[in-house]
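Breakdown of the fold
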Amino acid sequence: MIDNFEGKIVQNCVYRAGFCKDGSPLMVFLLCQVKDFEEAARFPICYTLQMIINTMDLELGVDRWTILLDFKGFSMRKAPAISDIQSFIKMMNHRFPGRLLRFYMKNSPWLFSGMWSLISNFMAADTRQKFTFVKKNKEFLEHIDQDQLPAAYGGNLEFSPEHYWEAERQIWRNEGYVQ
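Presented here is an overview of the structure given in this document. Residue positions are given per chain, counting from 1 as you read along its sequence in written order. Only residues with pLDDT of at least 70 are given local features in this predicted model, and only at 80 or more are side-chain atom pairs given and counted; all residues enter the totals for whole chains, interfaces and linings. The basis for every side-chain value is the complete set of non-hydrogen atoms in the structure, without hydrogens or water.

Here we take up the sheet that holds strand β4 (residues 100–106). Strand pairing follows a simple DSSP-based rule, namely that at least 2 bridges must link the two strands. Only runs of H or I of at least four residues qualify as helices and only runs of E of at least two qualify as strands under DSSP, and these elements are numbered from the N terminus. Spatial strand order, β1-β2-β3-β4-β5: five strands in an open sheet with mixed pairing. Where the open sheet ends on each side, the last strands, each with one partner, are β1 (14–19) and β5 (131–134). Looking at each pair of strands side by side, their axes are set apart by 25° on average, direction ignored. With six bridges joining them, strand β3 (residues 65–70) and β4 adopt parallel strand pairing. As a rule, the C-alpha atoms of each element are fitted with a line to give its axis, helices using only the stretch in contact, and angles between N-to-C directions run from 0 to 180 degrees.

Throughout, nonpolar core names a set of buried Ala, Val, Leu, Ile, Met, Phe, Trp, Tyr and Cys residues whose side chains join them through atoms within 4.5 Å. Relative accessibility thresholds used throughout: buried, under 20% of the residue-type maximum; exposed, over 50%; partly exposed, between the two (1.4 Å probe, protein chains only). Counting 27 residues, the largest nonpolar core has Met27, Phe29, Leu49, Trp65, Phe96 and Met105 as its most contacted members. Looking at this core, the elements with two or more residues in it are β2 (25–30), α2 (37–55), β3, α3 (82–95), β4 and α4 (110–119). Sort the elements by how many residues they give to this core and α2 lands first, with five residues. Tyr15, Val28, Leu68 and Tyr104 belong to the second largest nonpolar core, which has 13 residues in total.

What follows concerns unusual backbone geometry. Despite not being glycine, asparagine 107 shows a phi value in the positive range, around 60°. Along the chain, asparagine 107 falls in the loop between β4 and α4.

Now for the pairing of β4. Most of β4 sits out of view: seven of its seven residues are buried. Bridge count between β4 and β5: four bridges; the pairing is parallel. Across the sheet, residue phenylalanine 103 finds its bridge partner in β5, namely phenylalanine 131.

As structure tokens, then:
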């Protein structure tokens with residue numbers, strides 16, 4: 001099971017990056033790397049979010065996360081079915097209620113941006129305000145220090161699957177999941 005997660009995340013589908021200025025962890029999700037949306041939602045995304053919870057400083061009031069969804073290389077022809085999106089949202093609301101602080105969308109296709117105009121009208125105003133379409137990388141710097149932002153988005157943080165997984169294995173050892 002761990003190999004399955006590791007394989008998905010090493011493909012750069014989803015990973016935990018740095019931390020925002022307010023201490024909230026940052027998760028990067030590369031939509032173009034997802035081959036099976038339903039499987040990605042069930043396994044590596046939920047796993048990564050659970051690991052993110054383990055990095056939160058609850059004593060300091062850090063109990064929410066920031067997500068950066070990158071559409072680069074994504075084609076609407078590969079878009080998940082509406083039912084998959086609905087299932088994903090339902091699962092997120094059930095397993096992780098109230099955890100979303102900010103949700104950045106980068107490199108979104110114009111068609112998605114247009115659909116968002118319609119979809120967002122059905123959201124509560126406070127939820128809708130959490131979502132931001134990012135056009136320029138410097139927009140991230142309002143909430144994320146450059147040393148905590150992945151280099152692909154204008155920061156100095158280099159992502160390496162090997163380093164990422166070594167850190168994850170250390171968490172597993174600390175939690176007693178592996179030796």
